[in-house]
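Residues per chain are reported as follows:
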Amino acid sequence: MLDNIVGLLLLVALLSGFGFPTEFAVSHMVPGTALGVLVGDLAFFYLAFRLASKTGRNDVTAMPLGLDTPSTYGIALFILGPSYLQGLQSGLEPLEAASRTWYIGIWCIVLSGLLKIGLAPLTRWVQKVVPRAGLLGSLAAIALVLISFFPLIEILGHPLPGMLAMVIVLSALVAKIPLPGRTPGTLGALLVAGAVYFLLCSMGASGYAFPAAESSEWFPTQWLQSWQFDWISAFPDALPYLPIAFPFAIATIVGGIDCTESAAAAGDDYDTRTVIGVEGVATLIAGLFGGVVQTTPYIGHPAYKAMGGRAAYTLATALLVGSAGLVGYFGWLNAWMPKPVVYPILVFIGLEITAQSFLATPRRHYAAVGLACLPALAFLAMSLPGRIFGDGAAFAAEFNIQTLQGEGLKRDLLTLSMLSNGFIVTSLLWAWCLAALIDRKLRVAAAVLVAAGVLTTFGIIHSPLSGNRLFLPIGPEAFGLDGWGNGIALDPANRRLVLEFVAGYFASAALIFAWSYYSPANVVDDSSINP
């Protein structure tokens, strides 16, 4: 339950880092997002009772469902935040830019929900076509580099309560060391480290202060403005961000398949298509009601079953998260739950996703999972320079990559920027290609490289433009179709860089394809998944 609340806190905190109005996020985005969790968990609560009635058993455990943590990071950092800044740079007022950003988020979540619903009957086919190293490798990259690393900045910014909380969470949840009285690790961290945090606040310690009085709006209604459907007209603005949103949706489908399989191994045999369908419907409902983060089944079903959990914990999650967003007391939680105390939960989630990505991947594909992390490292390397260039003082002084004097530094930063833009798709394709090579499927690997070249041609990956914008490789420079004064055709300097990337992918594909005529057939051993 607490991890879902932390997910909502994280969403608001990440957006505030871009200057996004907190009140707008709490009143417009949070309620619909919480509603998706409410609907999904109530559906899984019902499915558990239906399975118990069908099998005549009284030990059926419900599937857990909640906010998808990788999507929370991805949507906030790569879609909502950049689109908000783009709106400000185009001359919009903060609330106008926030509304535009909200509309883009709605489009991404609505279409992600429809994608899940459409692919629900084809879940086995998706799992067969794309190797787990591709889908889970890109997920591991996000988990390790973003979910686990970035919270450390907040945790160690307040090291005394932060380190206490992290030690308690990792000891209880990773090392499985029980706390006195069988207290859950997250609750123990909140009680102990939270007490230390507020004690430091009462002592007036540097960097610690009680939150300002929060005027929560009970039963907010702003999120219902989504049913005025003003967001429909924002589709052209949302289009460049869909290639970022869809890989997250596909990854949750694979995660849902894995969760269903783990539940079956624990004795609860749910239908995979139904599980993915419920996930898709919950995501779609969240989007239609203004939510901006998708839902997903959690991988913890066997753990809940081992602890004696049945269906009540899913109902409790639905009621807590749903009421926090819809009733309106989330604003109070956002103010009074210390982030250094609760963020260690994100470190645990990131480590757990990373470990599961390797455990669910054949040993021979471990290198492919590792390769998937490299584009994410480029995003990590660009995060601080990106914040520096986006600072108001730097923006006013026109201080950016292009105005740097060192040509080598300028070239390196531009290369990092191109590698980091669209890195989720890049990670998936690179891992898929290497996994195919390991399996001696050279023509499949060549096809993946061709696909990467095509996606690069239009900026879905390796875009050199700010905001990871899509583009046409050729055309008049004044050809601007995005409505914000940005030409959609590449300028000559960026065109040369992009075309060299494309040529590199196509040349590599040709080499691999020719190599396939001289390479032996499959000689790999597919017998081992776990080490």
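A brief report on the enclosed structure follows. (Residues numbered from 1 in each chain as written. Predicted model: local features only at pLDDT ≥ 70, side-chain atom pairs only at ≥ 80, totals over all residues. Heavy atoms only, no water.)

Turning our attention to the nonpolar core. Ranked by size, the top nonpolar core spans 110 residues in total, and within it Tyr73, Ile79 and Leu146 carry the most contacts. Counting residues per element, this core draws most heavily on helix H4 (residues 94-119), at eleven residues. Not counting residues up to four positions away in its chain, the partners in contact with isoleucine 79 are Gly74, Ile104, Cys108, Tyr241, Ile244 and Ala245. Formed by 15 residues, the second largest nonpolar core is a distinct cluster that contains Phe44, Leu47, Leu51 and Leu65. (Core = buried A, V, L, I, M, F, W, Y, C linked by side-chain atoms within 4.5 Å. Buried < 20%, exposed > 50% of the residue type's maximum accessible area, 1.4 Å probe, protein only. Helix = DSSP H or I, 4+ residues; strand = E, 2+ residues; numbered from the N terminus. Contact = heavy atoms within 4.5 Å.)

Okay, the packing of helix H2 (residues 22-55) against helix H14 (residues 312-327) next. Running from amino to carboxyl end, H2 crosses H14 at an angle of 160 degrees, the nearest separation of the two axes being 8 Å. Between H2 and H14, the interaxial angle falls into the category roughly antiparallel. H14 is crossed by H2, and the crossing has left-handed handedness. Note on element contacts: H14 touches H2 through Ala312, Thr314, Leu315, Thr317, Ala318, Leu319, Val321, Gly322, Gly325 and Leu326, opposite Val30, Pro31, Ala34, Leu35, Val37, Leu38, Asp41, Leu42, Phe44 and Phe45. Across the contact of H2 with H14, the residue classes break down as 15 nonpolar, four polar and one charged. (Axes fitted to C-alpha atoms, helices over the stretch in contact; angles between N-to-C directions. Parallel < 35°, antiparallel > 145°, perpendicular 65-115°, else oblique. Left-handed = near helix turned anticlockwise from the far one by under 90°. Nonpolar A, V, L, I, M, F, W, Y, C, P; charged D, E, K, R; others polar.)

This part takes up the side chain of aspartate 68. Along the chain, aspartate 68 falls in the loop between strand E1 (65-67) and helix H3 (69-89). Buried and unpaired, aspartate 68 has no salt bridge, with lysine 116 as the nearest side chain of opposite charge at 6.8 Å. Side-chain polar atoms of aspartate 68 contact the side chain of serine 71, separated by 2.4 Å. In this structure aspartate 68 touches Thr252, Val293, Gln294, Thr295 and Thr296, once residues within four positions along its chain are discounted. (Lys, Arg positive; Asp, Glu negative; His and termini not counted. Salt bridge = Lys/Arg side-chain N within 4 Å of Asp/Glu carboxyl O. Polar contact = N/O pair within 3.5 Å; in protein donor to acceptor, adjacent residues only side chain to side chain.)

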